[in-house]
Amino acid sequence: TITLVDAAGRNRRDVLTYTPPVTYSEFRFYARPVWAADASSLRVAIPPADPLAQPPQLTSIWHMHTNGSSSRLIGSIAAEPGGPAIFSPDLRYIAYLEQTMDADPGKEARLLITELDGGETVDYAQAGSIFGWSPDSRRVAFLTGRELPQAQIGPLDGDPMPAYDEPDIATYDLRWIDSTRYLFTAIVGQERRILLGTAGG
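About the thresholds
Along each chain, residue indices are assigned from 1 in the same order as the chain's sequence is written. In view of the model being predicted, local features appear only for residues whose pLDDT reaches at least 70, and side-chain atom pairs are presented and counted only at 80 or more, with totals across whole chains, interfaces and linings using the full set of residues. Only hydrogens and water are set aside when side-chain values are computed; all heavy atoms of the structure are taken into account. Note on pairing: DSSP must find at least two bridges between two strands before they are called paired. Each helix corresponds to a stretch of at least 4 residues labelled H or I by DSSP, and each strand to a stretch of at least 2 residues labelled E; elements are numbered beginning at the N terminus. Note on geometry: axes are lines fitted to C-alpha atoms, helical ones only across the stretch in contact, with angles between N-to-C directions running from 0 to 180 degrees. Here a polar contact is recorded for every N or O atom pair within 3.5 Å, except that within protein the pair must consist of a potential hydrogen donor and a potential acceptor, and residues adjacent in sequence are included only if both atoms are side-chain atoms. The contact definition used throughout considers only heavy atoms, calling two residues in contact when any of these lie within 4.5 Å. Partly exposed describes any residue whose relative accessible area lies between the buried limit of under 20% and the exposed limit of over 50%, with all areas from a 1.4 Å probe on protein chains only and scaled to the type maximum. Buried Ala, Val, Leu, Ile, Met, Phe, Trp, Tyr and Cys residues that are joined via side-chain atoms within 4.5 Å together make up what is termed a nonpolar core. Patch membership requires more than 30% relative accessible area and the absence of a salt bridge. Residues of like charge join within 9 Å; the nonpolar side chains Val, Leu, Ile, Met, Phe, Trp and Tyr join within 5 Å. Under the convention used here, a 1.4 Å probe and the Shrake-Rupley method define accessible areas, while residue burial counts only the protein chains that appear. Salt bridges are counted wherever a side-chain nitrogen of Lys or Arg sits within 4 Å of a carboxyl oxygen of Asp or Glu.

## Overview of the sheet that holds strand S16 (residues 181–188)
Item 1. Spatially, three strands are ordered S15-S16-S17 in an open sheet, and the strand pairing comes out antiparallel. Bordering the open sheet on either side are strand S15 (170–176) and strand S17 (191–198), each of which pairs with just one other strand. In this sheet, adjacent strand axes meet at a mean angle of 25° when their direction is disregarded.
Item 2. Here eight bridges tie S16 to S17, and the two strands are oriented antiparallel to one another. Each bridged residue has a counterpart across the sheet, and for Tyr-182 the counterpart in S17 is Gly-197.

See the structure below:
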């Protein structure tokens, strides 16, 4: 159950109850709701009860209000079992890796981006993982490449670009500082360097 309580510890209310997904491990799944910037609502992605069931089931997206209104199901996505499903800061989009039950283990998944209020899904790029959204919700950072991992910056209105302009250097672990600047790790020889980058620069 997802429960809200006022900062003073009063007005406790349950806003969503879900069936905990099977994780096939000793770890339990705990939902991680994301707050809207104005704190009036939250959104959360809940995986299916059995992520490996056949036929495949979908991850449900819920919108929860803080004013006592009923929570509502706003959509569902075919997200990879156990994979990331990351909301943009404005809660308008969700980025996730595509659910593929018969995928080649050597192949990367597809990074999909769904606009939650409009329902349109874009097949954006190949990806191995997702780092997160820029604070202005205009770009998503992700990792691609198995032999030589490369952090990528993906603008919503264009093609993805490498986070680093040296294509022969592995890069990963990108963290946003603000809407255009980010930190990332580069492997140069035997060293690991933390570098500062600018989107589009």
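## Section: the side chain of Arg-43
Item 1. Residue placement: Arg-43 occurs in strand S4 (residues 41–46).
Item 2. Within the structure, Arg-43 has its side chain in polar contact with the side chain of His-63 (distance 2.9 Å).
Item 3. From its side chain, Arg-43 meets the backbone oxygen of Leu-91 in a polar contact 2.6 Å long.
Item 4. Non-local contacts of Arg-43, meaning those with residues more than four positions away in its chain, are made with Pro-33, Val-34, Trp-62, His-63, Met-64, Ile-74, Phe-87, Leu-91, Leu-116 and Asp-117.

## Focus on the pairing of S4
Item 1. For S4, the buried fraction is high: six of the six residues fall into the buried class.
Item 2. Judged by which residues are buried, S4 turns out to be covered on both faces: Ser-41, Arg-43 and Ala-45 on one side and Leu-42, Val-44 and Ile-46 on the other are all buried.
Item 3. Inspection of the sheet shows strand S3 (residues 34–35) paired to S4 by two bridges, in the antiparallel sense. Among the inter-strand pairings, Val-34 is bridged to a residue of S4, identified as Arg-43.
Item 4. Where S3 hands over to S4, the hairpin turn is made up of five residues, of which Ala-39 adopts a positive phi near 65°.

## Description of the nonpolar core
Item 1. Of all hydrophobic cores here, the largest spans 13 residues; its most connected members are Ala-95, Leu-111, Ile-113 and Val-140.
Item 2. Sorting the residues of this core by element identifies strand S8 (93–97), strand S9 (109–115), strand S10 (121–127), strand S11 (129–133) and strand S12 (139–144) as the ones contributing at least two each.
Item 3. Among all residues touching Ile-113, those that are not within four sequence positions of it are Tyr-93, Ile-94, Ala-95, Glu-120, Thr-121, Val-122, Tyr-124, Trp-133, Val-140 and Leu-156.
Item 4. Grouped together as the second largest cluster of nonpolar side chains are twelve residues, Ala-45, Ile-61, Ile-77 and Ala-79 included.

## Focus on a nonpolar patch on the surface
Item 1. A contiguous nonpolar patch, built from Ile-177, Leu-183, Ile-194 and Leu-196 and spanning about 380 Å² of accessible area, is present on the exposed surface.
Item 2. The residue Ile-177 is located in the loop between S15 and S16 in this model.
Item 3. Residue class for Ile-177 comes out partly exposed when judged on its relative accessible area of 40%.

## Describing the pattern of salt bridges
Item 1. What the rule picks out here adds up to seven salt bridges.
Item 2. A salt bridge links Arg-110 to Asp-123; the shortest N-O distance between them is 2.9 Å. Of this pair, Arg-110 sits in strand S9 while Asp-123 sits in strand S10, and the two are 13 residues apart along the sequence.
Item 3. For Arg-110, a relative accessible area of 28% gives the class partly exposed.
Item 4. Asp-123 sits in the partly exposed class, given a relative accessible area of 45%.
Item 5. Two residues, Arg-181 and Asp-178, come together in a salt bridge whose shortest N-O distance is 2.9 Å.

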